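If you want the building blocks of each chain, they are given just below.
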Amino acid sequence: MSPQPQAAVGAPLSRVDGRLKVTGQALYAAEHEVEGAVHAVIVDAAVGRGRITSIESAAAEALPGVLKVLHHRKAPKLPYRDNSGSNNPPGRRLRVFQDDRVRFHGQPVAVVVATTLEAAQHGASLVKVGYDAEQSSTDLAEAEPDEPTRYARGDAEAALRAAAVRLDLTYRTARNHHNPMEPHATIARWDGDKLTVWDKTQWVVGTQTELAAVFGLETDAVRVISPFVGGGFGTALRCWPHVVVAALAARETKRPVKLVLSRKQMYLGTGFRPSYQYRLRLGSDRRGRLAAAVHELDAETSSYETFTESILAAGQMLYSMPNVSQRYRTVPLDLPTPLYMRGPGFQTASFVIESAMDELAHKLGVDPIELRRRNEPNEDESSGLPFSTRRLRECYAVGAREFGWDRRNPRPRATREGYWLIGRGMAAGVYDTARMPAQARARLDADGTALVEAAATDMGPGTYTSQTQVAADALGLTVRRVTFRLGDSLYPPTPPHGGSMTMASVGSATLDACNKVRRQAIQLAVDDRESPLYGSAAEAVVVRNGRLHMKNDPTRGETYRLLLARNGRTHLEADGSFAPPSGPERHSFYGYNATFAEVAVDATLGLVRVRRVLGVYDAGRIISPKLADSQALGGMVGGIGTALLEHTVTDHRDGRIVNANLADYLVPVNADVPDLKAIYLDGEDREADPLGVKGLGELVMIGVAPAIANAVFNATGRRVRELPITAEALL
């Protein structure tokens, strides 16, 4: 087939669902009108570890409007069968209301169901729970770690001893919570033995599979609906206990149940970026050629599950280095289970590695960009595979030119504006180009409009819009003639909406489905004696604006509408799919960036103000520049938060989070967001997927925090190795 004209892909289109959102017509999880729905409020554990000795619920049950109070003594035992296809690990996940154990502060220990939200809230306040409290363990530095995961090549210890220049650095990063605008919410309804839930989720298929496992159902007996998600950042990538609680309450009351977590409860059991203690020993020659690195890192996990993330990969492949040793230990604590948060693993690793590279550059008297150039690998040294694309050198060059890097004074505290110390820093970033199997369904109707469906979700990056752009070009229609539906487990299955894999995976399945439909129409035309295209080679026909025509003779053709009407067709339909090639990978797939930051630091007070951030990205083909900018600027804002503001504080006496609110857990506001700019290198990665995309949403946050930290050093001469960077650390 001739290549299709590309009118939508690459165009800076506004969101196709934008009007629904700004007019309030987009329905989020708690906003669906389900007839007869009642309300549920969870009672949270008040101790960090121990056993429940008593639950007094009579006062709550006597309240007008209260229908039921459920807890481990009044809830049925659930099967919790294995769920290898879901988003929760089998066997060890938290089983709500199934025993008297308290495993973390804030664990759900009861739920009150009432006809009004106010009655449910009042009832929850009347439930009295007695505990046999034990001393909880919530301090990463004090607990016993699990057995480590290790990686090694060469002899890192020997190479370090022989290195002319050595650094031994320890970094600490704070726990971060996702804090999306929309709180977690679930509405659950049973129809006989079939369960429907309207849920805030980034993976409708995973939630469907988990609920089926918990309640002992066949997967198709559960339907999950999630058309709009008000921000996620990773927090909705798994089925949390409150979803099970809502479904259980609905089954026990025989009424649809709505359960919405409070802002405080969003800190008590819906995931977080774990805190790390990360020691990095680095060795090089006097020209800065890296010889060895030893990574030793400890990370939080819960006592009942083991959470890990891809934090080792960057240290294995970002720079050329013959000798690498890594030890990664999880530390079980009396906390809820962490979860992926934007840029998982790579974000933390980037802060450590890129801060250390800046230290090495300063010690050697080498420009930080030049040091990185000297250590560019020719292949992925962790696998021996060639990179599908790797354009970091170009990212450095473009970024340095656009940022004015040549005007940076490398001497710390050398640039002032009044009482402000001015500093500039940079960092490299890398993120895995993830792809997973996905399916989509496309239908072209006789009126010349198209409908495409996939069980994807959209937490904000613009899935509705980008998928519509791909479908429109593949079908040869305008964007206005295409409708893309998502967020329903009845649609063809897709992978989680995270890890920057949606465009590559779902987009490629959408492309496949729409290509098949277009080819059906072309074949119908060339086989139809009454068509102007009869007898033509199908390969020579393209479609533009709903009209099939010869590529070399646009006057010869006809519309979809005429073709389908003449042939008595109500529609054409096809299923599409995508899966990465089976067998070993032939390339190493990553996206890259170079991030530059300028800060001003109050010389007296130690206050840090970010003045500008620039990111240059090697992210493959950009489907929607306007959406890409939204992603990039949002990632920069998130990076500012990680660098300077965000820090979940735990009272280690009982595991209570003391700043579980948006007054005390600080996130960037407009005054913290300066001049932000994103540049995308023109190109594509056809080795990765048919669309040539690499994924952008995770990559754009990685590198921001170390670029800011390195700029702070350039401004002050003070090296801060703990996030967030506070005024106290600079005084």
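What counts, and where the lines are drawn
Residues numbered from 1 in each chain as written. Predicted model: local features only at pLDDT ≥ 70, side-chain atom pairs only at ≥ 80, totals over all residues. Heavy atoms only, no water. Helix = DSSP H or I, 4+ residues; strand = E, 2+ residues; numbered from the N terminus. Rg over C-alpha atoms; globule rule 2.2 N^0.38 Å. Buried < 20%, exposed > 50% of the residue type's maximum accessible area, 1.4 Å probe, protein only. Contact = heavy atoms within 4.5 Å. Expected span 1.5 Å × (residues − 1). Axes fitted to C-alpha atoms, helices over the stretch in contact; angles between N-to-C directions. Parallel < 35°, antiparallel > 145°, perpendicular 65-115°, else oblique. Left-handed = near helix turned anticlockwise from the far one by under 90°. Nonpolar A, V, L, I, M, F, W, Y, C, P; charged D, E, K, R; others polar. Pairing = 2+ DSSP bridges. Polar contact = N/O pair within 3.5 Å; in protein donor to acceptor, adjacent residues only side chain to side chain. Phe/Tyr/Trp six-rings, centres within 6.5 Å; stacked < 30°, edge-to-face > 60°. Lys NZ or Arg CZ within 6 Å of the ring centre and 35° of its normal.

Caption draft 1: Molecular detail of the overall build of the chain. Helix and strand counts for the chain come out as 16 helices and 30 strands. Taken over C-alpha atoms, the radius of gyration comes to 27 Å for the chain, in line with the 27 Å a tight globule of 731 residues would show. Referenced to the eigenvectors of the C-alpha coordinate spread, the extents of the chain come out at roughly 80 × 70 × 50 Å. The burial tally for the chain puts 62% of its 731 residues in the buried class. Sequence-distant contacts in the chain: of pairs separated by 6 or more residues, those separated by 24 or more amount to 81%.

Caption draft 2: Representation of helix α11 (residues 463–475) in the model. Relative to the 18 Å expected for 13 residues at 1.5 Å per residue, α11 spans 18 Å between its end C-alpha atoms, a close match to the ideal helical length. The buried fraction of α11 amounts to 13 of the 13 residues, a majority that puts the element mostly inside the structure. Of the residues one or two after α11, G476 is the one with positive phi, at around 75°.

Caption draft 3: Summary view of the packing of helix α14 (residues 625–644) against helix α15 (residues 704–716). Look at α14 against α15: their axes get within 8 Å of each other, and the N-to-C directions meet at 55°. Relative to α15, the element α14 is oriented oblique. Between α14 and α15 lies a crossing of right-handed hand. Listed contacts from α15 to G635, M636, G639, I640, T642, A643 and L644 of α14 are V704, A705 and I708. Considered class by class, the residues forming the contact of α14 with α15 number seven nonpolar, three polar and no charged.

Caption draft 4: Inspection of the packing of helix α8 (residues 346–364) against α15 at higher detail. Close contact between α8 and α15 brings their axes to 8 Å; oriented N to C, the two are set at 30°. Here α8 is positioned roughly parallel relative to α15, judged by the angle of their axes. Every pair of crossing elements has a handedness; the one defined by α8 and α15 is right-handed. When α8 is examined against α15, the residues Q347, S350, F351, E354, S355, D358 and H362 are found in contact with a partner set consisting of A705, P706, A709, N710 and F713. Each residue belonging to the contact of α8 with α15 can be placed in one class, and the counts come to five nonpolar, five polar and two charged.

Caption draft 5: Up close: the pairing of strand β10 (residues 194–199). The element β10 is largely enclosed, with a buried count of five among its six residues. Summarising the sheet, strand β9 (residues 185–191) and β10 pair through six bridges and their orientation is antiparallel. Directly across from I187, in β10, lies its bridge partner W198. As consecutive antiparallel partners, β9 and β10 are separated by two residues, and within that stretch G192 has a phi angle of approximately 65°, a positive value. Of the pairings in the sheet, the one linking β10 to strand β11 (residues 222–225) comprises four bridges and is parallel in character.

Caption draft 6: Examining the side chain of K200 more closely. Positionally, K200 belongs in the loop between β10 and α5 (204–215). Among the polar contacts listed, one links the side chain of K200 to the backbone oxygen of E182, at a separation of 2.5 Å.

Caption draft 7: Layout of α5. Over its twelve residues, α5 extends 17 Å from the first C-alpha to the last, a length consistent with the 16 Å expected when each residue adds 1.5 Å. Residues V204, V205, G206, T207, Q208, T209, E210, L211, A212, A213, V214 and F215 constitute the buried set of α5. Considering only its buried residues, α5 is in contact with β9, β10, β11 and α6 (241–253). A positive backbone phi angle near 70° is found at G216, which sits one or two residues after α5.

Caption draft 8: Representation of the sheet that holds strand β17 (residues 420–432) in the model. Strand order across the open sheet formed by five strands is β16-β17-β25-β26-β29, with mixed pairing between neighbours. For this open sheet the edge positions go to β16 (416–417) and β29 (675–680), each flanked by a neighbour on one side alone. When strand β25 (residues 590–602) meets strand β26 (residues 608–618), the two strands line up antiparallel, connected through ten bridges. Note that in β26 the partner of F596 across the bridge is L614. Lying on the sheet, helix α10 (residues 392–403) is in contact with β17, β25, β26 and β29; it crosses β25 at an angle near 30°.

Caption draft 9: Inspection of the side chain of D358 at higher detail. Structurally, D358 is set in helix α8. Every residue in contact with D358, bar those within four places of it in the chain, is listed here: P368, R372, N710, F713 and R719.

Caption draft 10: View of the packing of aromatic side chains. Under the counting rule described, the total for this entry stands at 14 aromatic pairs. An angle of 55° between the planes, with centres 5.9 Å apart, marks the rings of Y28 and F228 as tilted. With a gap of 200 residues between them, Y28 in the loop between α1 (18–22) and β1 (38–44) and F228 in the loop between β11 and α6 connect regions that are remote in the sequence. Across the ring face of W190, the terminal group of R251 is positioned such that the distance to the ring centre comes to 5.9 Å.

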